[in-house]
Structures are given as C-alpha cells and as structure tokens.
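The residues making up each chain are set out below.
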Amino acid sequence: MTNQNIYWTSIEYKYCGPEVLKLEGGFVYGFVKASDEREALNKFTTKLKHQDVEVQNVEFISLYDLKTEWENQEQTNIFVQLYQKAKKSSEVVFHTFYAYETD
C-alpha cells in the first residue's frame, strides 16, 4: 500500500454554476489524504468541479505540518481539526469558501 500523507492547499477559484450571477469567485483552503502532490491536486480539482467551481490558481500544495503556527490558538485549532478530519477520511476537506462578489 502506498504511503498516504495529508496535503493542504490554497486555491483561488471561479464559480461556473448558478452562483456566477452574484458571486465571481474566491479562495479556499483544503486538506486531503494522498500519496503525492499530483494525486492531491487531482482530488482537489475533481471535488471542486463537482461543486461547479473552476480552479483559477493553486497558490501551493504541500504536506501539512502540525507545528504550523497561525495568528492565534483558535485558528491553529481549526486547522488541526481539518487535518484530523482529512486523516480519518478519503474525502477532500475544505475550510470556509471565501467568496468575492461580482461588481
């Protein structure tokens, strides 16, 4: 069996479904269990396509380090929980979708 690790990403996206009338796009953090970055990217993009979302830019994809420090303990706890959820599942786990409104 291939060694599976938890990868995370920050993806800028554009809506391509009914939301396109009021929301242009945004960004989202995601976590997934995968054997390498290519598999992780495939899982992220496939999941987004099923949500009528098109990837515009992948800021990064890397292994998540549980020692990552955020602005405060509350944020750190949120990302540790997302990591743990991804570790227990084969599904992509997304954080909040931060959307931009259409002008």
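The structure presented is a predicted model; accordingly, all values stated were derived computationally and were not measured. (Residues numbered from 1 in each chain as written. Predicted model: local features only at pLDDT ≥ 70, side-chain atom pairs only at ≥ 80, totals over all residues. Heavy atoms only, no water.)

## Some points on the overall build of the protein
Next up, step 1: Each helix and strand counted, the protein has two helices and five strands in total.
Next up, step 2: Order of helices (α) and strands (β) in the protein, N terminus to C terminus: β-β-α-β-α-β-β.
Next up, step 3: Its C-alpha atoms give the protein a radius of gyration of 14 Å, near enough to 13 Å, the size a compact globule of 103 residues would have.
Next up, step 4: Its C-alpha atoms give the protein principal-axis dimensions of roughly 40 × 35 × 20 Å. (Helix = DSSP H or I, 4+ residues; strand = E, 2+ residues; numbered from the N terminus. Rg over C-alpha atoms; globule rule 2.2 N^0.38 Å.)

## Some remarks on the nonpolar core
Next up, step 1: In this structure, A40, F44 and F94 are the most contacted members of the largest nonpolar core, which totals 15 residues.
Next up, step 2: Among the elements of the structure, strand 1 (5-15), strand 2 (23-34), helix 1 (37-49) and strand 3 (53-63) are those that each provide at least two residues to this core.
Next up, step 3: What A40 contacts, discounting residues up to four positions off in sequence, is Y7, V32, A34 and I61.
Next up, step 4: Counting residues in each nonpolar core, the second largest holds 10 residues, with I6, Y29, F79 and A86 among its members. (Core = buried A, V, L, I, M, F, W, Y, C linked by side-chain atoms within 4.5 Å. Buried < 20%, exposed > 50% of the residue type's maximum accessible area, 1.4 Å probe, protein only. Contact = heavy atoms within 4.5 Å.)

## A look at helix 1
Next up, step 1: Across its 13 residues, helix 1 extends 18 Å between first and last C-alpha, which sits within 8% of the 18 Å expected from 1.5 Å per residue.
Next up, step 2: Taken together, the buried positions of helix 1 are occupied by A40, F44, T45 and L48. All buried residues of helix 1 project into a common sector of 125 degrees when viewed along the axis, lining one side. Opposite the packed face of helix 1, turned more than 90 degrees from it, sit the exposed residues R38 and K49.
Next up, step 3: Buried residues along helix 1 sit against strand 1, strand 2, strand 3 and strand 4 (93-94).
Next up, step 4: With a side-chain oxygen lying 3.2 Å from the backbone nitrogen of R38, the N-terminal cap of helix 1 falls on D36. (Expected span 1.5 Å × (residues − 1). Arc of directions from axis to C-beta. Polar contact = N/O pair within 3.5 Å; in protein donor to acceptor, adjacent residues only side chain to side chain.)

## Looking at the confidence of the model for the protein
Next up, step 1: Of the residues in the protein, 92% have a pLDDT of 70 or more, and the chain-wide mean is 90.
Next up, step 2: Highest mean pLDDT in the protein belongs to strand 4 (97); lowest belongs to strand 5 (residues 98-101) (84). (pLDDT = per-residue confidence, 0-100.)

## Thoughts on the pattern of salt bridges
Next up, step 1: Tallying each qualifying case throughout the model produces one salt bridge.
Next up, step 2: Linking E39 and K43 is a salt bridge whose minimum nitrogen-to-oxygen distance equals 3.4 Å. Highlighted residues: E39 and K43, both in helix 1, separated by four residues, approximately one helical turn. (Salt bridge = Lys/Arg side-chain N within 4 Å of Asp/Glu carboxyl O.)

## Some words on the pairing of strand 2
Next up, step 1: Burial runs high along strand 2: nine of the 12 residues are buried.
Next up, step 2: Bridge analysis of strand 1 against strand 2 gives 10 bridges, and the strand direction is antiparallel. Residue pairing across strands places Y13 opposite G26, the latter belonging to strand 2.
Next up, step 3: Relative to strand 5, strand 2 is paired through four bridges, and the arrangement is antiparallel. (Pairing = 2+ DSSP bridges.)

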